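Here are the chains, one letter per residue:
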Amino acid sequence: FIMNQKSIQCIVGDESFLIQEHVDQLRHQYADHACEMIETANLEQLRSLATMPSLFHASRFICIKNPWFFFQAISDKELAEIIALLDAINPDQTKCCFYILGKTLDQRKKAVKAIKKAASFVEYKSYKDWEQGKVMQWIKERFAKYQINLTDDALLAFEQIGGTNLSVLANEI
């Protein structure tokens, strides 16, 4: 995954394995950046992190898990702080990732609307029980990374082991 022109990325969906894998790949991609993994922070702390240069690195990668402002009603003052935070991010120095595990976003919320203007969004939806073909394609692609071709019987066996749970399937692979 290569981050596009926007220095802010939102990764959302109910497929936690693919979301976590995406976040891990971003961490690897920005390994030369000062890395901040945050579970809870207020807007002032986030803005400080986003604008303060790192002492030991030329750039910073900030990754925020399940940020509260995506799910709660916010005041106009908090909205202004979020917009100021987004505006303060210098794309040459700071990359930012918001990732939301297992929750859906209410697209009508003020914070979501504001962030959608400044960020790129990637959504990972889990496969449904009837999407066996898509799961099998995912298994094939996963094995192809290791240059292994599966027979149809082996492919069916793997699909039966894990069903649509990509975490279980990836573990088995």
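We now turn to the structure provided with this report. (Residues numbered from 1 in each chain as written. Predicted model: local features only at pLDDT ≥ 70, side-chain atom pairs only at ≥ 80, totals over all residues. Heavy atoms only, no water.)

## Digging into helix H3 (residues 76-88)
With 13 residues, H3 extends 18 Å from end C-alpha to end C-alpha; this agrees with the ideal 18 Å at 1.5 Å per step. Burial in H3 covers these residues: Leu 79, Ile 82, Leu 85 and Leu 86. Angular distribution of buried residues about the axis of H3 spans 120°; they occupy a single face of the element. Turned more than 90 degrees off the buried face of H3, the exposed positions are Asp 76, Lys 77 and Asp 87. Where the residues of H3 are buried, they touch strand S1 (8-13), helix H2 (43-51) and helix H4 (110-118). (Helix = DSSP H or I, 4+ residues; strand = E, 2+ residues; numbered from the N terminus. Expected span 1.5 Å × (residues − 1). Buried < 20%, exposed > 50% of the residue type's maximum accessible area, 1.4 Å probe, protein only. Arc of directions from axis to C-beta. Contact = heavy atoms within 4.5 Å.)

## What about the pattern of salt bridges?
Following the criterion strictly, the structure yields 7 salt bridges and no others. With its nearest N and O atoms 3.5 Å apart, the salt bridge here joins Lys 125 to Glu 123. In terms of burial, Lys 125 and Glu 123 fall into one category: exposed. As a salt-bridge pair, Glu 131 and Lys 134 come within 3.1 Å of each other at their nearest N and O atoms. On the accessibility criterion, Lys 134 (47% relative accessible area) is partly exposed. (Salt bridge = Lys/Arg side-chain N within 4 Å of Asp/Glu carboxyl O.)

## Notes on the environment of Leu 156
Tracing the backbone through its elements, the reader meets Leu 156 in helix H6 (residues 152-162). For Leu 156, a relative accessible area of 35% corresponds to the partly exposed category. The residues touching Leu 156, leaving out its near neighbours within four places in the chain, are Gln 132 and Met 136.

## Some points on the sheet that holds S1
The strand order S2-S3-S4-S1-S5 describes an open sheet built from 5 strands, whose pairing is parallel. Edge positions in the sheet fall to strand S2 (34-38) and strand S5 (120-124), since each of these pairs with one other strand and no more. Looking at each pair of strands side by side, their axes are set apart by 15° on average, direction ignored. Sheet contacts for H2: S2, strand S3 (60-65) and strand S4 (94-99); angle to S3, the most-contacted strand, approximately 155°. (Pairing = 2+ DSSP bridges. Axes fitted to C-alpha atoms, helices over the stretch in contact; angles between N-to-C directions.)

## Thoughts on the packing of helix H5 (residues 132-144) against H6
The N-to-C vectors of H5 and H6 enclose an angle of 110°; their axes lie 10 Å apart at closest approach. If you check the angle between H5 and H6, you find them roughly perpendicular. Of the two possible hands of crossing, H5 and H6 adopt the one that is right-handed. Here Gln 132, Val 135, Met 136, Ile 139, Lys 140 and Phe 143 of H5 lie close against H6, whose contacting residues are Leu 155, Leu 156, Phe 158 and Glu 159. (Parallel < 35°, antiparallel > 145°, perpendicular 65-115°, else oblique. Left-handed = near helix turned anticlockwise from the far one by under 90°.)

## Observations concerning the nonpolar core
Counting 28 residues, the largest nonpolar core has Leu 46, Phe 69, Phe 70, Ile 82, Phe 98 and Ile 115 as the members making the most contacts within it. Breaking this core down by element, the ones donating at least two residues are S1, H2, S3, H3, S4 and H4. Excluding its chain neighbours within four sequence positions, the residues that come into contact with Leu 46 are Ile 38, Ala 41, Ile 64, Phe 69 and Leu 85. With 21 residues, the next largest nonpolar core counts Ile 11, Cys 63, Cys 97 and Phe 158 among its residues. (Core = buried A, V, L, I, M, F, W, Y, C linked by side-chain atoms within 4.5 Å.)

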